[in-house]
Amino acid sequence: MRLSRYFMPVTRETPADAQVASHKLMLRAGLVRQTAAGIYAWLPLGLRVLKKIEAIVREEQDKAGAVELLMPTIQSADLWRQSKRYDAYGPEMLRLKDRHDREMLYGPTNEEMITALFRDAAKSYRDLPRTLYHIQWKFRDEVRPRFGVMRGREFLMKDAYSFDLDEDGARHSYNRMFIAYLRTFARMGLTAIPMQADTGPIGGDLSHEFIILASSGESDVFYHKAWEADRSAEAEGVDADDPAALQAFVGGLTADYAATDEKRDPAREAAAGADLRQSRGIEVGHIFYFGTKYSASMGFTVQAGDGTQVHPEMGSYGIGVSRLVGALIEARHDEAGIAWPESVAPFQVGLVNMRADDPACAGAADDLYRRLGQAGVETLYDDRDERGGAKFATMDLIGLPWQLILGPKGLGRGVVELKRRATGEREELSIESALARLAG
RNA sequence: CAGGGUGUAGCUCAGUGGGUAGAGUGCCCGCCUUGGAAGCGGGAGGUCGCCGGUUCGAGCCCGGCCACCCUGACCA
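Residues numbered from 1 in each chain as written. Chains lettered and ligands numbered in written order. Predicted model: local features only at pLDDT ≥ 70, side-chain atom pairs only at ≥ 80, totals over all residues. Heavy atoms only, no water.

(A) Here's a closer look at the protein's contact with RNA strand B. Around RNA strand B, 44 residues are found, and the nearest of them are Arg12, Glu283, Asp357, Asp396 and Arg426. If you look at RNA strand B and keep only atoms within 4 Å of the protein, 45% of those are sugar or phosphate atoms. Measuring from a sugar or linking oxygen of RNA strand B, one finds a side-chain N or O atom of Arg12 at 2.3 Å. Note that a phosphate oxygen of RNA strand B is positioned 2.6 Å from one of the backbone N or O atoms of Ala16. Residue assignment for the surface near RNA strand B shows that the elements contributing at least two residues are β1 (32–36), β8 (154–164), β13 (276–291), α12 (388–398), α13 (408–411) and β22 (415–420). Looking at which element gives the most residues to the surface near RNA strand B, the answer is α12, with six residues. In terms of residue class, the surface near RNA strand B is built from 14 nonpolar, ten polar and 20 charged. (Near = heavy atom within 4 Å. Polar contact = N/O pair within 3.5 Å; in protein donor to acceptor, adjacent residues only side chain to side chain. Helix = DSSP H or I, 4+ residues; strand = E, 2+ residues; numbered from the N terminus. Nonpolar A, V, L, I, M, F, W, Y, C, P; charged D, E, K, R; others polar.)

Next up, the structure:
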């Protein structure tokens, strides 16, 4: 993409509305624009990141055996009356009426809808187990939206729902998602710690919030220092189709203490002793098992092998896709701007032509841009007639992993400069080796 | 939702005792420059959030409304 033809409104000054680093940087780098309190338009650069995150989430859900579908944003109030949540949900639910005065709502979540959809089609234990998911916009009318997309009212969320015949099956479905989450966040360069979370009326240990550590996080969290390491690799060898092996793995992992403020356990903290750590964290995922809450209230049964009718055991599993954009920036930025991990970066390379008015430079840069494209490298090419300093500042701000700098100084010696955004380290190399490096 | 705050140029903000609106930056034109946003000159750009009131006259005073932000209790 040529920057001269892109839409990437960066600002030098920080808009007054933003408080936390990620919000400021998202506005400055032209990722989003706020259109109302807690509601954002995704500009091209931000949309690319959102799509990258979404793709990783989708791949890992598919790998975990979940099946994608897409449910609407607008739901009927009747559906929610079946589960008795229409009145229980409160003002956080955005309610609307259509032209026939029918009561509708903008979905804050989809338990009711998925239960109804699956209920009407699944009649036998042979239809179980299933885990269904979608990635869709939700709306929760937060009293006080803040922190940019990390606590917006409208947000993009992956939510999955599992249906099993019995509790053991539900536990296995839960565990599958558990390791899928570890892998998902690890692929984004994040260390997400599964923390014991509130299970509601069901009780037990089957609810975890996945938290990434960040000083600007909203929750106080406590954990064993074992969690400071990236433990996603431990999940690699696990056979997710083997319930016992998977349970042993998850059980072993969660033996290391990690809890949010509301779920602290003094005994386990004492046991951790000097290995106990405290931090702030951002919740990026939440998984829980809730049994037959919806299958029972919404009359969903399947016939079991012995001929009896049973309510499926359900769980639900959320990932805050749009929130992750903010969370990633919280975890990966410095004074100059964002430093995207390659897996979610909007472009891999920022090609900087230092002298747009110099035919030799422009020609070489055009050629380099063309060849990067041919090699399949996502490149944002700063071909504008701006001073070098402004281009560097823009590149550092938007945080592409690599900057490839081409100017008259190096071109005379046949070299370009390759800079790694995250570390600032730079190196001179020939155009050919730069291409080989970036295409590799 | 309670408490507090702010609405003036694209952005960040000034605006005196009520007298018809400014700076920096960004943008446009020209020149000069060219390796970390900072050279020079010229220029465009504003229903001062909205409605009403007071006044000869309101960005400024009064009333109402709206929007946004902050602090708290709740949430992916």
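(B) Representation of the domain arrangement of chain A in the model. Domain annotation for chain A reports domain 1 (3–338) and domain 2 (349–439). Taking the mean C-alpha position of each, domain 1 and domain 2 sit 38 Å from one another. Each side of the interface is counted separately: domain 1 has 16 residues, and domain 2 has twelve residues. Of the roughly 1,200 Å² buried between domain 1 and domain 2 on both sides combined, carbon and sulfur atoms contribute 60%. There are three salt bridges connecting domain 1 and domain 2. A salt bridge links Asp334 to Arg421, with the shortest nitrogen-to-oxygen separation between them at 2.7 Å. Inspection of the region where domain 1 meets domain 2 yields eight residue pairs in polar contact (both at pLDDT 80 or more). Breaking the side of domain 1 that touches domain 2 down by element, the ones donating at least two residues are α1 (21–28), α2 (44–63) and β18 (337–338). Counting residues per element, the side of domain 1 that touches domain 2 draws most heavily on α2, which supplies three residues. Here the residues of the side of domain 1 that touches domain 2 sort into nine nonpolar, three polar and four charged. (Domains from an automatic or database assignment. Contact = heavy atoms within 4.5 Å. Buried area = accessible area lost by both parts, 1.4 Å probe. Salt bridge = Lys/Arg side-chain N within 4 Å of Asp/Glu carboxyl O.)

(C) Representation of the side chain of Lys391 in the model. Relative to the assigned elements, Lys391 resides in helix α12. A residue is classified by how much of its surface remains accessible, and Lys391, at 0% relative accessible area, is buried. Ignoring anything within four residues of it in the chain, the contact list for Lys391 reads Val352, Asn353, Asp382, Asp383, Arg384 and Glu386. (Buried < 20%, exposed > 50% of the residue type's maximum accessible area, 1.4 Å probe, protein only.)

(D) The arrangement of the pairing of β22 in detail. The element β22 is largely enclosed, with a buried count of five among its six residues. In this structure, strand β21 (residues 402–406) lies alongside β22, joined through four bridges in antiparallel fashion. Within the sheet, the bridge partner assigned to Leu404 lies in β22 and is Leu418. Counting the residues between successive antiparallel strands, the hairpin from β22 to strand β23 (residues 426–430) contains five residues, one of them, Gly424, with a positive phi of roughly 80°. (Pairing = 2+ DSSP bridges.)

(E) Quick look at the packing of aromatic side chains. Evaluated as defined, the whole model comprises 14 aromatic pairs. A centroid spacing of 5.5 Å and a plane angle of 85° characterise the contact between Trp80 and Tyr89, whose relative ring orientation is edge-to-face. Residues Tyr369 and Tyr381 carry aromatic rings whose centres are separated by 5.0 Å and whose planes lie at 35° to one another, so their mutual orientation is tilted. In this pair, Tyr369 is assigned in helix α11 (residues 359–374) and Tyr381 in strand β20 (residues 379–382), connecting sequence segments twelve residues apart. Accessibility expressed as a relative area gives 1% for Tyr381, which makes it buried. Members of the aromatic cluster, joined through ring pairs, are Phe178, Tyr181, Phe185 and Phe210. Lying across the ring of Trp227, Arg231 places its NZ or CZ 4.5 Å from the centre. The ring of Phe222 carries the charged tip of Arg264 above its face, separated from the ring centre by 3.5 Å. (Phe/Tyr/Trp six-rings, centres within 6.5 Å; stacked < 30°, edge-to-face > 60°. Lys NZ or Arg CZ within 6 Å of the ring centre and 35° of its normal.)

(F) Examining the sheet that holds β21 more closely. Read from one edge to the other, the open sheet built from five strands follows the order β20-β19-β21-β22-β23, with strand pairing classed as mixed. Because the sheet does not close on itself, it has two edges, and the strands there are β20 and β23. On average, each strand axis in the sheet is inclined to that of its neighbour by 25°, with strand direction left out of account. α11 rests against β19 (349–353), β20, β21 and β22 of the sheet, and its axis sits at about 165° to β19. Its contacts with the sheet put α12 on β19, β20, β21 and β22, and the angle it makes with β19 is roughly 175°. (Axes fitted to C-alpha atoms, helices over the stretch in contact; angles between N-to-C directions.)

(G) Quick look at helix α5 (residues 111–119). Counting buried positions along α5 gives eight out of nine residues, so the element sits mostly inside the fold. Listed in full, the buried residues belonging to α5 are Glu111, Glu112, Met113, Ile114, Thr115, Ala116, Phe118 and Arg119.

(H) View of the pattern of salt bridges. For the coordinates displayed, the defined rule picks out 38 salt bridges. Salt-bridge contacts for Lys63 lead to Glu60; the nearest nitrogen and oxygen are separated by 3.1 Å. Here Lys63 and its partner Glu60 are both found in helix α2, three residues apart, which amounts to about one turn of the helix. When its relative accessible area of 3% is taken as the criterion, Glu60 is described as buried. Residues Glu112 and Arg85 are paired through a salt bridge, measuring 3.0 Å at the closest nitrogen-oxygen approach. On the criterion of sequence distance, the pair formed by Glu112 in helix α5 and Arg85 in helix α4 (residues 85–88) is long-range, its members being 27 residues apart. Assigned by exposure class, Glu112 and Arg85 land together as buried. What you see here is one network of salt bridges that share partners, running through Glu59, Glu60, Lys63 and Arg187.

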